[in-house]
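Single-letter residue listing:
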Amino acid sequence: MAHPSKDIKQTRGTELKDKRIVLCITGSVAAVQSPEIARQLMRHGAEVFAVMSPMAQKIIHPYLMEWATGNPVVTELTGKIEHVALAGQHDDKTDLILVAPATANTISKIAAGIDDTTVTSVASTAFGSKIPIVIVPAMHESMYRHPILDENIEKLKALGVDFVGPRVEEGKAKIAETQEILEVVIRKFSASKDFAGRKILVTAGPTLEYIDPVRVITNKSSGLMGIEVTREVLLRGAEVTLIYGVGTATPPREARTVRVETTKEMHEVVVSELKSQKYDVVIATAAPVDWKPKKRYNYKVSTRKTSTLNIRLEATPKIIDVVKKICPETFLVPFKAEYDVSDKELIENAYGRLKKVKADLIVANDVARKGVGFGVKTNEIFIVNKKRKVVHVPLTTKREASRKLLNLIAKEIKQRK
Ligand SMILES: Cc1cc2nc3c(=O)[nH]c(=O)nc-3n(C[C@H](O)[C@H](O)[C@H](O)COP(=O)(O)O)c2cc1C
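**Q** I'd like to hear about the nonpolar core, residue by residue, with values.
**A** Grouped together as the largest cluster of nonpolar side chains are 56 residues, with contacts concentrated most on L23, C24 and I97. A per-element tally of this core places strand 3 (residues 96–102) first, with six residues. The contacts of I97, once residues within four sequence positions are left out, are V22, C24, A87, V122, A123, A126, I131 and I133. Grouped together as the second largest cluster of nonpolar side chains are 53 residues, I227, L242, A284 and I319 included.

**Q** Summarise helix 3 (residues 62–69); cite the residues concerned and give the values.
**A** All buried positions along helix 3 are accounted for by M65, A68 and T69. Buried positions in helix 3, seen along its axis, are confined to an arc of 80 degrees and lie on one side of it.

**Q** So what's going on with the site of the ligand? Which residues, and what values?
**A** T26, G27, S28, T103 and M139 are the nearest of the 17 residues found near the ligand. Within the residue set of the shell around the ligand, elements represented by two or more residues are helix 2 (56–59) and helix 5 (104–112). Sort the elements by how many residues they give to the shell around the ligand and helix 5 lands first, with three residues. Within the shell around the ligand, the residues separate by chemical class into nine nonpolar, eight polar and no charged.

**Q** Talk me through the sheet that holds strand 4 (residues 133–137); I want residue IDs and the actual numbers.
**A** Taken in spatial order, the five strands of this open sheet run 2-1-3-4-6, and their pairing is parallel. Whereas interior strands pair on both sides, the edge strands pair on one side only; in this sheet they are strand 2 (47–52) and strand 6 (162–163). Contacts from helix 1 (residues 34–43) reach strand 1 (20–25), strand 2 and strand 3 within the one sheet, and its direction differs from that of strand 1 by about 175 degrees.

**Q** Could you give an account of helix 12 (residues 319–326), with specific residues and numbers?
**A** Turning to helix 12, its buried residues are I319, I320 and V323. Buried positions in helix 12, seen along its axis, are confined to an arc of 95 degrees and lie on one side of it. Taken together, the buried residues of helix 12 touch strand 9 (199–204), helix 11 (263–276), strand 14 (281–284), strand 17 (331–338) and helix 13 (343–357).

**Q** Help me get a handle on the packing of helix 11 against helix 12, residues and values and all.
**A** The contact between helix 11 and helix 12 brings their axes to 10 Å, and the two run at 15 degrees. As judged from the angle between their axes, helix 11 and helix 12 are roughly parallel. Crossing of helix 11 over helix 12 shows right-handed handedness. Along its contact with helix 11, which presents M266, H267, V270, V271, L274 and K275, the element helix 12 presents I319, V322, V323 and I326. Of the residues assigned to the contact of helix 11 with helix 12, the class counts are eight nonpolar, one polar and one charged.

**Q** I'd like a rundown of the environment of I383, residues and numbers included.
**A** Relative to the assigned elements, I383 resides in strand 19 (residues 378–385). Given 22 C-beta atoms within 10 Å, I383 falls into the buried group. With 288 residues separating them along the chain, I383 and D95 place their C-alpha atoms 37 Å apart.

**Q** Explain the domain arrangement of the protein to me, and be specific about the residues and the numbers.
**A** The assigned domain composition of the protein is domain 1 (4–189) and domain 2 (199–416). Once you take the C-alpha centre of each, domain 1 and domain 2 turn out to be 37 Å apart.

**Q** Could you give an account of the environment of E380, naming the residues involved and the relevant values?
**A** Within the element layout of this structure, E380 appears in strand 19. When the 20 C-beta atoms within 10 Å are taken as the criterion, E380 is described as buried. When the C-alpha atoms of E380 and P394 are compared, they prove to be 4.9 Å apart, with 14 residues separating the residues in sequence. What E380 contacts, discounting residues up to four positions off in sequence, is N365, R369, V372, V393, P394 and L395.

**Q** If you had to explain the pairing of strand 19 to someone new, which residues and values would you point to?
**A** Where strand 18 (residues 361–366) meets strand 19, four bridges bridge the pair, whose relative direction is antiparallel. Bridge pairing in strand 19 places I362 opposite V384. What sits between the antiparallel neighbours strand 19 and strand 20 (residues 390–397) is a turn of four residues, in which R388 has the positive phi angle 70 degrees.

About the thresholds
- Residues numbered from 1 in each chain as written.
- Predicted model: local features only at pLDDT ≥ 70, side-chain atom pairs only at ≥ 80, totals over all residues.
- Core = buried A, V, L, I, M, F, W, Y, C linked by C-beta atoms within 7 Å.
- Buried ≥ 20, exposed ≤ 12 C-beta atoms within 10 Å, placed from the backbone.
- Helix = DSSP H or I, 4+ residues; strand = E, 2+ residues; numbered from the N terminus.
- Contact = placed C-beta atoms within 7 Å.
- Arc of directions from axis to C-beta.
- Near = placed C-beta within 6 Å.
- Nonpolar A, V, L, I, M, F, W, Y, C, P; charged D, E, K, R; others polar.
- Pairing = 2+ DSSP bridges.
- Axes fitted to C-alpha atoms, helices over the stretch in contact; angles between N-to-C directions.
- Parallel < 35°, antiparallel > 145°, perpendicular 65-115°, else oblique.
- Left-handed = near helix turned anticlockwise from the far one by under 90°.
- Domains from an automatic or database assignment.

Printed below as a string of structure tokens:
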């Protein structure tokens, strides 16, 4: 009978179906994240086997990893030669070795070719079997800044080992987010590289406009839709530039990100990007503030001196209007948010905008609907093409909506040729 813990396999996706992943855990407090990493890999289809260094076993108990993976955990090397069973050359060959978390100690030992623990022996064997290795470091910042560790990381990178993170925060080189680790793993196996070799420009997040030095006008966009689009195109092999406003969602490290505050800045950066290199696709998910105060006070306007303040607003420049003027060949996909309209109006208005800006596809949503739009993880979108054909993506995660959108962009680009 299969271990009951395996009932979550493939509940979130099939990208890792039939993949055997060895999750090596070393003696970092970040080992508390390892069960969740294992579970996320399983939810996307992977079979996960945990290997724990002696120090890791002092931080979390092997039972927890056995529960998480539904497989026996390697805690020592015995007559079963576990390191060869898991990382050797044979029919049931492992597809990936993921060291998460990886201590400074283990990273340096792998780089030096030392194998004196379960984890380092598995890693050494994997080199000889040409099994890909991904290392996810976690430690105090002072350990991370050790020049020899730095050299060792570079040495491993040169040997083809991938590194994820760390996130340097609060004096610590923290383990990468589970989502980021999952994405790197999926990307390693992702068969569909249908955007490989393409340059994509994504705009995301809200902008803000100043009333005075401390007060601003903005909107409630989190930037997550654009971040999910960015993650998805990266996964599919594209080179991405993200022009990101003041959103709260964290952009993926692999995207070249340019941060901006105001709509004018976003406009200027988009123009200069389009003029400096050829982008195959522009996906404009951003929610730039479209009204700005006509006058910006250069001092903090005091409510002690005036109890009312009249602000005259003027429209900001429309970023998507310039795209086709600069690059008529670029495949343009703007997003258009409406508030409390019918499906028919949503589609009509979107189609009108598509024609006006000469877009190739347009994505419309109604942010008044439950679970849609600003600040939530889900979206319901309508994608309209030049022939007025509509694809409705019912309420789903922003990631899934991005996937459907990119499938459609890929299809339209193919037909255009
Ligand atoms: C509670 C605790 C937390 C630790 N956290 C880390 C860490 O995050 N990163 C690190 O490199 N070492 C950390 N260490 C030190 C390592 O456990 C130590 O260097 C050990 O030798 C690593 O062995 P391993 O790499 O075989 O697991 C920690 C130690 C303890 C006791």
